Amino acid sequence: MSYPLSLHEDRLFPSDPAQRAIARRLYSEVRTLPIISPHGHTDPQWFADNKPFPDPASLLVIPDHYVYRMLYSQGIPLEALGIPRTDGGPVEQDSRKIWRLFAQHWYLFKATPTQLWFNHVLHEVFGIRERLSPESADLVYDSIAECLARPEFLPRALYERFNIEVLATTESPLDPLQHHRKLRESGWKGRIIPTYRPDPAVDPEYAGFAQNVRRLGEITGEDTTNWKGYLRALFNRRQFFAGLGATATDHGHLSAATCDLPQAQCEALLAKALAGRCTPLEAQQFRGQMLTEMARMSIEDGLVMQIHPGSFRNHNPPVFGAFGLDKGADIPMRTDYVHDLKPLLDRYGNEKRLTIILFTLDESTYSRELAPLAGHYPALKLGPAWWFYDSPEGMRFFRERTTETAGFYNTVGFNDDTRAFPSIPARHNVARRVDCSFLARLVAEHRLEEDEARESAMDLAYRLAKKAYRL
Ligand SMILES: [Zn+2]
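Residues numbered from 1 in each chain as written. Predicted model: local features only at pLDDT ≥ 70, side-chain atom pairs only at ≥ 80, totals over all residues. Heavy atoms only, no water.

1. So, the coordination of the zinc ion
- Taken together, H39 (NE2), H41 (NE2) and D417 (OD) make up the protein donors of the zinc ion, found 2.1 to 2.2 Å from the metal.
- Going along the chain, you hit the donors of the zinc ion in the pattern H-x1-H-x375-D. With H41 in the loop between β1 (35-37) and α2 (44-49) and D417 in the loop between α19 (392-406) and α20 (424-444), this pair connects stretches of sequence that are 376 residues apart. (Donors = N, O, S within 2.8 Å, 3.2 Å for Na, K, Ca; no water. Helix = DSSP H or I, 4+ residues; strand = E, 2+ residues; numbered from the N terminus.)

Listed below in structure tokens is the structure:
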């Protein structure tokens, strides 16, 4: 039995006819705007080398933690999905077998954003008109594999077809950015820029921290065993990133804790951190101090700062032991922005030259903490609904909880934050539809004129991200 795959023109729009008609009109204004992707995790090497993507499972299943965390939750071993083990132990290598296993369990994704994104990818990117099912698995696999062999599915061709204006990747300060350099030298007009993510060298609890800081010293010719030299080395790498087009930094900390400590205490903390002797509280103080230092550097060099706190990483020790980081076992935590950000805000919160974009995995903070903070401090802006909340309900909730206090203009448009390159248009499409639906309700309730909503729809889909990230 086969079932047709179609994407309804009105998907995600309100079911009320009056609101739906307005949402359609608003969406028609933003549908074809270029994509600004200011935060994400695609691999710059894809675009630098411009080689074909390998096969359907390697492209769409193996790298996607949304996909395999769900399958794992239903008892499917990660080995069977081809996820590499850190000990190099055997895992499934047959792409088609992995794909069939995925297709057998595709029903698990009903009503999840993965279903929306995936169907969009099949329909719009690969031109498939049959729903994925155990029966259609091979047909869908073959259609995708055939596409991937064609020149119009090379990474750069897809970038152009997706109408991406700018795409930011994310790198460690130790990264030599050779793929970004190669891209610049290639003469290709696609704009792919790095983002400076210093976690490996500013978080004493990051694996290999002391080694990373030593390496940072070697790369920059600074003595990173003393506080001033360490800060100079980090600043030096920021300039290197900015030289290759970076406009932002990103900080993936456990909490939003910030500190503003006297220099002698910073010196002492650095010595302890390098010796691997920090207590958990001292490690938090160190990270918190580094956020304040990074804010100071941002005022100097103009890089926009993003803070992504609140993820309990590697919650499942056996999965972490066998498969390493980023394997779908990161779980959201309660986050306290009001107290945690105060030391940084006391120092730099009123700085108009500084932009700090805050993200959250704690939805309860939207109206209680984040919207009031961003609706007051000139240095603060709100990032879009993120990770677990990058979904129709998550985005709707974000607008409902933040707009009345922070407005639209203390937010920064949409981030797709993805490794899954073919899903970028799908994710922006969902965000545009949800925002147009939210605006349509305001128009239908006569809280906004339709021409005002039209301008805001364009701001949310395109202009705000460009402005906030200084692109
Ligand atoms: Zn990210």
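Further notes follow.
2. So, the nonpolar core
- One finds Y230, L234 and M290 to be the most contacted residues of the largest nonpolar core, which totals 70 residues.
- The contacts of M290, once residues within four sequence positions are left out, are V202, W227, Y230, L231 and L234.
- Within the second largest apolar cluster, 51 residues are counted, among which are Y141, I144, I164 and V319. (Core = buried A, V, L, I, M, F, W, Y, C linked by side-chain atoms within 4.5 Å. Buried < 20%, exposed > 50% of the residue type's maximum accessible area, 1.4 Å probe, protein only. Contact = heavy atoms within 4.5 Å.)

3. Structural notes on the environment of V430
- One can find V430 in helix α20.
- For V430, a relative accessible area of 5% translates into the label buried.
- Taking C-alpha positions, V430 is 35 Å from P318, a pair spaced 112 residues apart along the chain.
- In this structure, V430 is in contact with L12, L116, W117, P392 and M395, ignoring residues within four places of it in sequence.

4. Some remarks on the layout of surface pockets
- Roughly 1,200 Å³ of volume is contained in the largest pocket.
- Along its surface, the largest pocket is lined by 50 residues, and R197, R313, L325, D326 and D330 are the ones closest to its centre.
- Listed by contribution, the elements that provide at least two residues to the lining of the largest pocket are α3 (56-60), α4 (65-73), α6 (113-125), α10 (199-202) and β6 (311-312).
- Examining the composition of the lining of the largest pocket, we find that 4 residues originate from one element, α6, more than from any other.
- Here the lining of the largest pocket is composed, by residue class, of 21 nonpolar, 14 polar and 15 charged.
- In this structure, the second largest pocket spans a volume of roughly 520 Å³.
- At the level of secondary structure, the elements contributing two or more residues to the lining of the second largest pocket comprise α6 and α20.
- In terms of residue count, α20 provides more of the lining of the second largest pocket than any other element does, 5 residues in total.
- Each residue belonging to the lining of the second largest pocket can be placed in one class, and the counts come to 7 nonpolar, 6 polar and 7 charged. (1 Å grid on protein atoms, 1.4 Å probe; cavity = no way out; pocket = protein on both sides within 12 Å on 5 of 7 lines; lining within 4 Å. Points joined across faces, edges and corners; volume = space filled by probe spheres on them. Nonpolar A, V, L, I, M, F, W, Y, C, P; charged D, E, K, R; others polar.)

5. Observations concerning α19
- For α19, spanning 15 residues, the distance from its first C-alpha to its last is 20 Å, which sits close to the expected 21 Å at 1.5 Å a residue.
- Most pronounced at E400, the bend in α19 amounts to some 25°.
- For α19, the set of buried residues is P392, G394, M395, F398, R399, T402, T403 and A406.
- Buried-residue contacts for α19 involve α6, α18 (365-374), β9 (380-382), α20 and α21 (450-468).
- Two residues or fewer after α19 comes G407, characterised by a positive phi angle close to 70°. (Expected span 1.5 Å × (residues − 1). Bend = angle between axes of the 7 residues up to and from the residue.)

6. Points about the sheet that holds β1
- Taking strand neighbours across the sheet as the criterion, the 3 strands line up as β1-β2-β3 in an open arrangement whose pairing is parallel. At either end of the open sheet lies a strand with only one pairing partner, and these are β1 and β3 (192-193).
- Where α20 meets the sheet, its contacts fall on β1 and β2 (164-168), and the angle it forms with β1 comes to roughly 105°. (Pairing = 2+ DSSP bridges. Axes fitted to C-alpha atoms, helices over the stretch in contact; angles between N-to-C directions.)

7. Description of the packing of helix α13 (residues 263-274) against helix α14 (residues 280-301)
- Orientation of α13 relative to α14, taken along the N-to-C sense of each, is 120°, at an axis distance of 10 Å. Between α13 and α14, the angle falls in the class oblique. Between α13 and α14 lies a crossing whose hand is left-handed. For the pair formed by α13 and α14, the contact residues are Q265, C266, L269, L270 and K272 on the first element and E282, Q285, F286 and Q289 on the second.
- Tallied by class, residues from the contact of α13 with α14 come to 4 nonpolar, 3 polar and 2 charged. (Parallel < 35°, antiparallel > 145°, perpendicular 65-115°, else oblique. Left-handed = near helix turned anticlockwise from the far one by under 90°.)

8. With respect to a nonpolar patch on the surface
- Among the surface-exposed residues, Y206, F320 and L325 lie close enough to one another that they form a single nonpolar patch of about 270 Å² accessible area.
- Along the chain, L325 turns up in the loop between α15 (317-323) and β7 (331-332).
- Residue classification places L325 among the partly exposed residues on the basis of a relative accessible area of 46%. (Patch = residues over 30% accessible without salt bridge, like charges linked within 9 Å, V, L, I, M, F, W, Y side chains within 5 Å. Areas by Shrake-Rupley, 256 points an atom, 1.4 Å probe, with all protein chains shown as cover. Salt bridge = Lys/Arg side-chain N within 4 Å of Asp/Glu carboxyl O.)

9. Description of the pattern of salt bridges
- The full count for this structure, using the stated rule, is 37 salt bridges.
- With a closest N to O distance of 3.0 Å, D138 and R100 form a salt bridge. Taken together, the residues D138 in helix α7 (residues 137-148) and R100 in helix α5 (residues 95-104) connect sequence positions 38 residues apart.
- Judged by its relative accessible area of 28%, D138 is partly exposed.
- Several salt bridges converge on common partners, so that one network encompasses E400, E404, R441, E445 and R447.

10. Describing the sheet that holds β9
- The strand order β4-β5-β8-β9 describes an open sheet built from 4 strands, whose pairing is parallel. The open sheet has two edge strands with one neighbour each: β4 (248-251) and β9. For this sheet, the mean inter-axis angle between neighbouring strands, taken without regard to orientation, is 25°.
- Strand direction decides the pairing type here: β4 and strand β5 (residues 304-307), joined by 4 bridges, are parallel. Its bridge partner being in β5, T249 is matched across the sheet by M305.
- Of the strands in this sheet, β8 (356-358) and β9 are in contact with α18, which crosses β9 at around 130°.

11. Examining the side chain of R399
- With respect to the helices and strands, R399 occurs in helix α19.
- Of note is the side chain of R399, whose polar atom sits 3.4 Å from the side chain of T411.
- In this structure, R399 is in contact with F408, T411, D435, F438 and L460, ignoring residues within four places of it in sequence. (Polar contact = N/O pair within 3.5 Å; in protein donor to acceptor, adjacent residues only side chain to side chain.)

12. Things to note about the packing of aromatic side chains
- If you walk through the whole model with that rule in mind, you get 33 aromatic pairs.
- Ring plane angle 70° and centroid distance 5.5 Å describe the contact between F102 and W106, whose orientation is recorded as edge-to-face.
- Look at Y366 and F398: their rings are 5.3 Å apart centre to centre, the planes differ by 80°, and that puts the pair in the edge-to-face class. Placement of the pair is Y366 in helix α18 and F398 in helix α19, with a sequence separation of 32 residues. F398 carries the same exposure label as Y366, and that label is buried.
- Put simply, the rings of W46, F47, F53, Y159, F162, W188 and F421 pair up and form one aromatic cluster. (Phe/Tyr/Trp six-rings, centres within 6.5 Å; stacked < 30°, edge-to-face > 60°.)

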